[in-house]
Every structure is written in C-alpha cells, then in structure tokens.
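Take a look at the letters that make up each chain.
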Amino acid sequence: MASSATISSVGAQAALVSKPRNRGISGLKASSSISFELGSSFLGKTGSLRASVTTRVAPKAKSVARILPEASYKVAVLGAAGGIGQPLGLLIKMSPLVSELRLYDIANVKGVAADLSHCNTPSQVMDFTGPAELASCLKGVDVVVIPAGVPRKPGMTRDDLFNINAGIVKSLIEAVADNCPEAFIHIISNPVNSTVPIAAEILKQKAQKKGLKLIDVDVPVVGGHAGITILPLLSKTRPSVTFTDEETEQLTKRIQNAGTESSLRALAGDPDVYECTYVQSELTELPFFASRVKIGKNGVESIISSDLEGITEYEANALEALKPELKASIEKGIEFAHKQQGAAASV
C-alpha cells in the first residue's frame, strides 16, 4: 500500500473530498453528457417573431432528448444530527445523483432520517446510531462527508476545539479506511487546518492515496482554512476586476472572517470540475495548502499552480504572513496522529 494520502476540506470552499487510494487528497460515474438538442430551434437560424393579424399554424418546436443523471452513488454523512449535518443531509437528499443517503451520529439521527425520507427524490435514507453501527453505515459508500464534532463556541480557542474534535475525526477516518477505502472524504470538522492533516496521517497508516474533484471558481482562495491563513487572490478574479488597495484589504478580511455536489459531478464524469480546497500539496513548502484543483473520477487530477504566478505585492506579502500559522496547525495535526499511533503500538 502506498504511504501517502491527500484529503480535501470543504470549509471555506468547501469540500474534503479525498480518496485514500492512489489519489490526491478537502470534500461521480462517467457519462457522456446530460442533455443534447436535436435540430435547431423552431425559429430557425435567422428566425424572428413578428406580430400578425393573420391566422397561421405555428411550427412545432423541435424535440429535445435528455439523458437524466443516474442515481447511483452512496453518500454517508457522519455527524448527521448536528447543526451542519441536518441541512447538509437535506442538500444531498435533493441530488439526483444519490441512490443512498446514510446518516450517522451518536444520537438523535432517527428523526432526521425520518424527516428527510419524505423528500420526493429517488435516494433511500438510512440511519445508523453509535459506534456499533458505524461500519455498516460506511460499507461500500462512494462519498463520506464529516461535519461531526463540536462547533466553536464563544470564548473557545482553536486549541480548545482541537482537543475535542481531533479524536473524533481520528476515529471516524479509521472507520472510513477500514470500510470504504475507495470513498471520497470531505472534512468539515474544525479546526480544518489540523483535522485534514490528522486524516491524511491516519490514511497513510491504513491505506493508499486517492484524490478528489471540484468545480471552477471566480476567485481562487489559497493558504489554509482559518483567519489569516485564508488568502483570496482578488487579482485573479474572473471576469477581470480591479480593486483599490483599500477595497482589497477590506474584501480580504471579509472573506477570511466568513464562516459537495462538485465531487458527485466529478464522479459522474464531468471533465470540467474545479474547486479551491485544502489538500496535500507541493505547491509551496507546506505539506498541506489550499488552492484551486482539477477534480476527476479518481480524485485530484492536478493542482493549478498558475494562480500563484503574477500575484500582487499585497497578496505576496499576505502569502508569506500566513505560512507560519498554517505550518503550526499542520504540525499539530500530524503530531497528534503520530502520538496516537505510538500509543496504539505500545498497547
């Protein structure tokens, strides 16, 4: 088995999608196209609508043949009864690509599943409660989304959050590696700057590396997931827009302080899926870095390095400023995973 793994977070850009097999790691089956049109419109190439008092027979509209997306993917939400898990479950239930929605939590998940089962979409909803049912929840799933853990509360530091959520993410990722090593993994649990490296280290110990897929964005966001480690590259905005220095600083701070459908599209064979996501990366000297990536059926196909070329002086300075904090968060996650591994080996 390979000794590397890439994970993606869905935080600011959402999505962890990772595949713990030969993939880039953050967050679905091939089909040629979703729709196509037979012939031209009823107006023809140069047709136009003209008012007339004369009675005429209107030409028939040309028929349109459609290939409906096949509901064939199984998605598990771990932490489905929480404040993020519930609306996330609803969004996934509404996707025409999902055949099974599996909801897991340590309590109160049966009611969530009952409510979502009334949504008029093809996917079947199943509920799983507690560690004893976790393996059954994960068997054979294609996508795993993890919003499990506690939210950050007033007065709580990211260290406080880490001390609670690190262990939760570790145990869930171990179960993912054991039961669905082919799945895409999306990690939402905070602090993402540390929980993603934890997941990557666990997967390195358990399985092979695999990647994820995501969709094109208007403004590339690089760096990490929290505070100043989030760096929107406003100079790369598409379509091209100019900002004053004051506007750039205000927008950057606003985006930094702001609080998965893409992976399904990629699994379905969409060749044009891009996302900005926090993944294992060689784009900088940091082992994990958020940037724009191209997602394919096997995960991350490429990291778009051109976004860091030709950035402004403001962005270059901000990029260097974020690295120490992001590096510390990454090292904290990796150190936690290694300590847990050592403790397990000594038992």
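Residues numbered from 1 in each chain as written. Predicted model: local features only at pLDDT ≥ 70, side-chain atom pairs only at ≥ 80, totals over all residues. Heavy atoms only, no water.

Engineer: Explain the overall build of the chain to me, please; I cannot follow it from the model alone.
Structural biologist: Check the secondary structure of the chain and you find eight helices and 13 strands. Residue burial in the chain is summarised as follows: out of 347 residues, 47% are buried. A total of about 17,000 Å² of accessible surface is found on the chain, and carbon and sulfur atoms cover 54% of it. (Helix = DSSP H or I, 4+ residues; strand = E, 2+ residues; numbered from the N terminus. Buried < 20%, exposed > 50% of the residue type's maximum accessible area, 1.4 Å probe, protein only. Areas by Shrake-Rupley, 256 points an atom, 1.4 Å probe, with all protein chains shown as cover.)

Engineer: Please clarify how helix α1 (residues 85–93) should be interpreted in this entry.
Structural biologist: In an α-helix there are 3.6 residues to a turn, and that puts residues three or four apart on one side. For α1, every residue scored as buried is listed here: Gly 85, Leu 88, Gly 89, Ile 92 and Lys 93. One side of α1 holds all its buried residues, which, seen down the axis, span an arc of 140°. (Arc of directions from axis to C-beta.)

Engineer: It is not clear to me how the pairing of strand β8 (residues 184–187) should be interpreted in this structure. Could you clarify?
Structural biologist: The side chains of a regular strand alternate between the sheet's two faces. Residues Phe 184 and His 186 line one face of β8 and the alternating positions Ile 185 and Ile 187 line the opposite face, and both faces are buried. By the bridge criterion, four bridges tie strand β7 (residues 143–146) to β8 in an arrangement that is parallel. The residue of β8 that forms the bridge with Val 144 is Ile 185. Viewed along the sheet, the connection from β7 through helix α4 (residues 158–179) into β8 turns out right-handed. (Pairing = 2+ DSSP bridges. Right-handed = clockwise from strand over helix to strand, strands pointing away.)

Engineer: What should I look at first to understand the packing of aromatic side chains in this one?
Structural biologist: Each pair of aromatic rings is reported with the distance of its centres and the angle of its planes. Scanning the model with the defined rule gives two aromatic pairs in all. Pairing Phe 162 with Phe 336 gives two aromatic rings, centres 5.7 Å apart and planes at 85°, and the pair type is edge-to-face. By relative accessible area, Phe 336 is classed as buried at 17%. Look at Tyr 278 and Phe 288: their rings are 6.2 Å apart centre to centre, the planes differ by 45°, and that puts the pair in the tilted class. A residue pair is termed long-range when its members are at least 10 positions apart, and Tyr 278 in strand β11 (residues 273–280) and Phe 288 in strand β12 (residues 288–296) qualify at ten residues. (Phe/Tyr/Trp six-rings, centres within 6.5 Å; stacked < 30°, edge-to-face > 60°.)

Engineer: What is the right way to read the state of the cysteines from this model?
Structural biologist: Defined simply, a disulfide is a covalent bond joining two cysteines at their sulfur atoms. Evaluated as defined, the whole model comprises zero disulfides. Cys 137 takes part in no disulfide bond, and the closest cysteine sulfur to it belongs to Cys 180, at a distance of 8.4 Å. (Disulfide = S-S within 2.5 Å.)

Engineer: Help me out: how do you make sense of the pairing of strand β4 (residues 73–78) in this one?
Structural biologist: Buried residues dominate β4, accounting for five of its six residues. With six bridges connecting them, β4 and strand β5 (residues 98–105) associate as parallel partners. Note on β5: the bridge partner recorded for Leu 78 is Tyr 104. For the handedness criterion, the β-α-β arrangement of β4, α1 and β5 is classed as right-handed. Pairing of β4 with β7, which is carried by three bridges, proceeds in the parallel orientation. The residue of β7 that forms the bridge with Ala 76 is Val 144.

Engineer: For this particular structure, what's the right way to read the nonpolar core?
Structural biologist: As a rule of thumb, nonpolar side chains are buried together in soluble globular proteins. The biggest cluster of nonpolar side chains holds 47 residues, and the ones touching the most others in it are Leu 78, Leu 138, Val 144, Ile 146, Ile 173 and Tyr 278. Secondary structure elements with two or more residues in this core: β4, α3 (134–138), β7, α4, β8, α5 (192–206), β12 and α8 (313–346). With near-sequence residues (within four places) excluded, Ile 173 lies in contact with Ile 146, Ile 185, Ile 187, Ala 199, Ile 202 and Leu 203. In terms of nonpolar packing, the next biggest core, distinct from the first, is built from 22 residues, Ala 81, Leu 88, Val 98 and Phe 184 among them. (Core = buried A, V, L, I, M, F, W, Y, C linked by side-chain atoms within 4.5 Å. Contact = heavy atoms within 4.5 Å.)

Engineer: For this particular structure, what's the right way to read α4?
Structural biologist: The end-to-end C-alpha distance of α4, which contains 22 residues, comes to 30 Å, matching closely the 32 Å that a straight helix rising 1.5 Å per residue would cover. When the local axis directions of α4 are compared, the greatest deviation, roughly 35°, occurs at Asn 165. Those residues of α4 that fall on the buried side of the exposure criterion are Leu 161, Phe 162, Asn 165, Ala 166, Val 169, Lys 170, Leu 172, Ile 173, Ala 175, Val 176, Ala 177 and Asn 179. (Expected span 1.5 Å × (residues − 1). Bend = angle between axes of the 7 residues up to and from the residue.)

Engineer: Help me understand the pattern of salt bridges in this model?
Structural biologist: For side chains bearing opposite charge, pairing can occur when the charged atoms are close. Taken as a whole, this structure holds twelve salt bridges when the rule is applied. Here Glu 100 ties to Arg 102 by a salt bridge, and the two come within 2.9 Å at their closest N and O atoms. For Glu 301, the salt bridge identified is with Lys 294, shortest N-O distance 3.2 Å. (Salt bridge = Lys/Arg side-chain N within 4 Å of Asp/Glu carboxyl O.)

Engineer: Help me understand the environment of Ala 135 in this model?
Structural biologist: Tracing the chain through its elements places Ala 135 in helix α3. Note on Ala 135: relative accessible area 31%, which makes it partly exposed. Taking the C-alpha atoms as reference points, Ala 135 and Ala 175, 40 residues apart in sequence, are found 6.5 Å from one another.

Engineer: Can you help me understand the environment of Val 145 in this one?
Structural biologist: Inspection of the secondary structure puts Val 145 in strand β7. Considering only alpha carbons, one finds Val 145 and Ala 80, 65 residues apart in sequence, at a separation of 9.3 Å. Sequence-distant contacts of Val 145, defined by excluding residues within four places in its chain, comprise Val 75, Ala 76, Val 77, Leu 78, Leu 88, Ile 92, His 186 and Ile 188.

Engineer: Teacher, can you tell me more about unusual backbone geometry here?
Structural biologist: With glycine set apart, most residues show a phi of negative sign, and most peptide bonds adopt trans. A cis amide bond, omega -5°, links Asn 190 with the succeeding residue Pro 191. By the secondary structure assignment, Pro 191 is in the loop between β8 and α5. For Asn 108, which is not a glycine, the phi torsion comes out positive at approximately 60°. Summarising the element assignment, Asn 108 is placed in the loop between β5 and α2 (109–116). Residue classification places Asn 108 among the exposed residues on the basis of a relative accessible area of 66%.

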